[in-house]
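Topology and contacts: notes
Spelled out from the first residue to the last, the chains are:
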Amino acid sequence: MIRGRARQASATRWAAIGAVSAGVVGGIVGLIVGLGVHPATAWFAVFELGIPASMLGAIVGLASGLVAHAFARIDLEERPADPESGT
């Protein structure tokens, strides 16, 4: 039961990591673009690019976490029931 909960949290953790990392990158790109276009409103560009990037990062992170969970589950199902038998 605990093992299942840890795996379930794994997909959530991947989504959070994706959201934060993509949000930071999107915010930095937004700041650079905003400073190049109109320096007075550059901070709004941080949000205009950072928030959608974090949403996309969360979706990609969640999908990656679910794929990782599926591969881990397939790996567990393919293991032999008795590790001492060697088959």
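None of these values were measured; they are calculated from a predicted model.

**Quick look at the overall build of the protein chain**
- Regarding its fold elements, the protein chain presents 2 helices and 0 strands.
- By the burial criterion, 20% of the 87 residues in the protein chain qualify as buried.
- Here the analysis covers contacts within the protein chain between residues at least 6 apart in sequence; of these, 61% occur between residues at least 24 apart.
- Looking at the protein chain as shown, the accessible area adds up to about 6600 Å², and 71% of this sits on carbon and sulfur atoms.

**A few points about a nonpolar patch on the surface**
- The grouping of Val-25, Val-29, Val-33, Val-37 and Leu-49 at the surface amounts to a nonpolar patch, some 420 Å² of accessible area in total.
- Top contributing element to the nonpolar patch by residue count: helix H1 (residues 2-37), with 4 residues.

**Topic: the environment of Trp-14**
- Within the secondary structure, Trp-14 sits in helix H1.
- Separated by 44 residues in the primary sequence, Trp-14 and Ala-58 have C-alpha atoms spaced 7.9 Å apart.
- When residues no more than four places from it in sequence are discounted, the contact partners of Trp-14 are Gly-61, Ser-64, Gly-65 and Ala-68.

**Description of the environment of Ala-11**
- Structurally, Ala-11 is set in helix H1.
- Each C-alpha atom, one on Ala-11 and one on Leu-66, is 5.6 Å from the other, the two residues being 55 residues apart in sequence.

**Notes on the environment of Val-67**
- Its location among the elements puts Val-67 in helix H2 (residues 42-78).
- According to the relative accessible area criterion, Val-67 is partly exposed, its value standing at 44%.
- Along the backbone, Val-67 and Ala-11 are 56 residues apart, and their C-alpha atoms lie at a distance of 8.7 Å.

So, how was this worked out
Residues numbered from 1 in each chain as written. Predicted model: local features only at pLDDT ≥ 70, side-chain atom pairs only at ≥ 80, totals over all residues. Heavy atoms only, no water. Helix = DSSP H or I, 4+ residues; strand = E, 2+ residues; numbered from the N terminus. Buried < 20%, exposed > 50% of the residue type's maximum accessible area, 1.4 Å probe, protein only. Contact = heavy atoms within 4.5 Å. Areas by Shrake-Rupley, 256 points an atom, 1.4 Å probe, with all protein chains shown as cover. Patch = residues over 30% accessible without salt bridge, like charges linked within 9 Å, V, L, I, M, F, W, Y side chains within 5 Å. Salt bridge = Lys/Arg side-chain N within 4 Å of Asp/Glu carboxyl O.

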